[in-house]
Structures are given as C-alpha cells and as structure tokens.
Amino acid sequence: MKVDRSNGLRGTMTVPGDKSISHRSVMFGALAEGTTRVRHFLSGADCLSTIDCMSRMGISVEKDNEELLIHGKGLHGLTAPTETLDAGNSGTTTRLLSGILAGQRFSSRITGDSSLTSRPMKRIMEPLTQMGARIRSEQGNGCAPLIIDGAPLQGITYHTPVASAQVKSCILLAGLYAEGLTRVYEPALSRDHTERMLRAFGADVATDADGSIVLTPGRKLTGQAVEVPGDISSAAYFLAAGLLVPNSEIILENVGLNPTRDGMICVIEKMGGQMTFLKRYHEDTEPAADILVRPSQLHGTVIEGAIIPTLIDELPIIAVMAAFAEGETIIKDAAELKVKETDRLALITENLTRMGADITATDDGMIIRGGRPLHGAAIEVQGDHRMAMAFAIAGLLTGDMEIADAACVSVSYPTFFETLKNLSR
Ligand code: S3P
C-alpha cells in the first residue's frame, strides 16, 4: 500500500465498534441465559475469531439487520469443541477464553497465528493454576498452543504484576466457575469493560475501597442489549490525522471515552491539540462523544505511570504525533509494548528512524525529539494492524510511504483505508 501526501481530511466519520467490548459481548452473551443483542459490533478479524471459537462450543450467533444476536446457553451450556480453537491474531480471545475454559467439564486446545503463539501466556497460566486449573503450554515455552483440561476451581486473591485487562478478565471469568471469592489487585487500573459488562449481565462484581476487584460466584448471567461505542483505539488514527494534516476538519462520531481508555485524549490536550466535544452519550454505561478535531501545533510531553494502561494501544500513533511535534516526548513505563502483536517498541523505533526521526528506544519506552524534517519510507509492520495504521497517517504528511502487508488492518479496522479515502480532499 502506498500512501501519498494529503491536502487535508474533511468530513464526518463513524468510528467502528470497540474491539474489547465486542469480544466481551460475544463471550458473556454465550455464558448468559437468553439472547444478547449487540449493536455496532466490530466485525474485525479478532472479534470474528471469538465468534468462531464460541461457535465451536455450540453457541449460535446470527446477524439480524444491524444487530448481532448471541444465543446464550448459560454458564454450563458450552459443549466440548471437536477441534482446536483458533484465536487467530487475538490475545484477548486467547486469554479471556482460557479463563472460561479452565472451569468447564471438558478439555480444549487453543492456538493462533505466528504472532499469537509467541506472546506470553504464563501471566494467565500462573493465576489459573493457583485456582486449580489444569492448563499447560504444549511446547513448554509459556506460549500457545494451550491445553486446558477443565477442573474444579477455587477463588484466589491475586496481585497481577502487570496492569493487564486480559489477565484481570481471565481470572475474573475463571472466578465465575470457582468456589469462593476471587479478588484481583492490579499495579494500575487497566480497562474495566469486564467489570462493567459482567455486572450488567448480572454477575456480582465489585470494586473495593483498596482498588481490588472482587467477584462472588453463584449468580447466573442474563442476556443483555449491548450498545457498543466507537473504539477510541481506532479513532486515535483520525484524531491524529485531524491534528497533524493541514486543512483538516474531522468530526468523529460516537468515540468511546471510558475513563480507563481515554489516556490519548489527555495526551492530545497536554501536547496542545485542539478538540471540541460536540455531543455526549451513554454517560451511565460506556460514555462516548462526538469529537471535532482541527490542525494544531503540537509540542512534546512526558507520558508515564498510571496513564500508560489507558493508552497502551495508542502508543504507536502517539509516537508518530511526537515525531511531528516540536520538542521532546518521553514515554516511560511502557515495557508491555514489547509483547503486543509485535515488539512495538522495536518496530516504532525502526520505522521512525527510517523516516529520518530522532528516536531512542529505552528499556521501557522511548525518547522522541520531534520537529526534524521527515520523509516517506518503506515501513515494516510484521502483520501488526496498529503499526500499519499509525504509519499510514504519517504518510499523509510525508508522502511516499510504502506499507507492506497493509491488509492486516482488518484485525481491528477493516474499513480504515476506505474511510481515509472518503475523507481525503
Ligand atoms: C485488551 C487489553 C489490552 C489491549 C488489547 C485489548 C482487552 O491488552 O492491549 O488490545 O480487550 O482486554 P493487555 O490486557 O494485555 O494490556
């Protein structure tokens, strides 16, 4: 895919459905009694992997006009898969589903593509094993394929070393099948969609005064109507484009602004970016807003600590913004970037360097000295959707950007290039 310099992006766009919430709507819908109806479901490859896995365990999922219908079978209604469960590129599918699979009365095997099978799974195997689960890495390397033999589980109190919603959610989902309470402490608050949604489906999930999340088993889940807000992680590319590309004016409709996901908005404000919040909705469930964005002179900033989990997937595009901003941007406490779909720390550094940027990778982040003249380059994305989209936006400023393997955007944003074209002047 070749990206040329843009004369400005103008228009109104709808942001595709949130990936995290879409995954959860299928999983929780499957474990609920009755039908779950989902509006604005993200039909990206990752969420389709979750549907495929659930279908292999007897769950029927159908499309009805604009809605996705999940016909739940209750907490104990899944049936043994006849084949290996294929999570594709999706860490969320693998880790959340492992928590569910650990408490079933059958055995299963779950795996995925070459990126997924090199990502760390010990982070879920350890707490699940403490709960009594029988889970092992087939190759003995702490990665998928995972073999999970369903077993009786006990609730645990667990301090996760990483602030990861996938780890937290995995433990809480296993907790649905455990005897006694399950309590999770995180070093910083990760996205809380599991807590919000499990509660809406009827589970007993609370946040204690010390910040721990407690799940008390015993309640059944009931099918719900889920309204999926637009994914801020997808909006991020067009927020950045609207701020960076001269002559732009973009209205992004229905951008999810859950406070555990909105770190990118805080960073844009800290960098001097101008946004106008036009209309707000779903304040009582998953807050969202329409956002108007126009070009702004951005300056460097420091991004560290508790904000990192709230913008973890946005760091590739934030790094691109920093390269075009004036002055220095320092990103710290982001070692998790090394174990995403790719080693994003290495890939961001390599690709920005190819563009002529001044960037230094550190152990847990990077230092970007912005404002250097940048040029288009051949960009290596290694199948990583977020890398492809971040550097496509950079290409709107430099021109001559060659992105190999750009089709991988289908993982989270199948219509990304179409939307880019529609907004182009
Ligand atoms: C996700 C959690 C995050 C995020 C991923 C989606 C989720 O991963 O990077 O894209 O839906 O729970 P970690 O929990 O590993 O940080």
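Above: the structure in question.
Every value quoted in this text rests on a predicted model; they were computed, and no experiment measured them.

A. A look at the overall build of the protein chain. Looking only at helices and strands, one finds twelve helices and 25 strands in the protein chain. For 425 residues, the compact-globule estimate of 2.2 N^0.38 gives 22 Å, and the C-alpha radius of gyration of the protein chain, at 21 Å, lies within 12% of that figure. For the protein chain, the proportion of its 425 residues judged to be buried stands at 60%. Within the protein chain, contacts between residues separated by at least 24 positions form 74% of all contacts whose residues are at least 6 apart in sequence. Of the roughly 15,400 Å² that the protein chain leaves accessible, carbon and sulfur atoms contribute 47%. Of the charged side chains in the protein chain, 40 are positive and 51 negative, and the gap between their average positions amounts to 1 Å.

B. Expanded view of the sheet that holds strand E18 (residues 275–281). Strand order in this open sheet of four strands is E2-E17-E19-E18, and the pairing throughout is mixed. Across the chains shown, the open sheet's two edge strands, defined by having one partner strand only, are strand E2 (10–14) and E18. Pairs of neighbouring strands in the sheet enclose a mean axial angle of 15°, with direction left out of account. Inspection of the sheet shows E18 paired to strand E19 (residues 288–293) by six bridges, in the antiparallel sense. Its bridge partner being in E19, Thr-276 is matched across the sheet by Leu-292.

C. Summary view of the sheet that holds strand E9 (residues 146–149). Strands sit in the order E6-E7-E9-E8 across an open sheet of four strands; the sheet is mixed. Of all the strands in the sheet, just strand E6 (85–86) and strand E8 (134–137) have a single pairing partner and so form its edges. Looking at chain direction, strand E7 (residues 107–111) and E9 are connected through four bridges and run antiparallel. Along E9, the bridge assignment pairs Ile-110 with Leu-146.

Rules of the game
Residues numbered from 1 in each chain as written. Predicted model: local features only at pLDDT ≥ 70, side-chain atom pairs only at ≥ 80, totals over all residues. Heavy atoms only, no water. Helix = DSSP H or I, 4+ residues; strand = E, 2+ residues; numbered from the N terminus. Rg over C-alpha atoms; globule rule 2.2 N^0.38 Å. Buried < 20%, exposed > 50% of the residue type's maximum accessible area, 1.4 Å probe, protein only. Contact = heavy atoms within 4.5 Å. Areas by Shrake-Rupley, 256 points an atom, 1.4 Å probe, with all protein chains shown as cover. Lys, Arg positive; Asp, Glu negative; His and termini not counted. Charge placed at Lys NZ, Arg CZ, Asp CG, Glu CD. Pairing = 2+ DSSP bridges. Axes fitted to C-alpha atoms, helices over the stretch in contact; angles between N-to-C directions.

Keep in mind that these numbers describe shape and distance, not what the molecule does.
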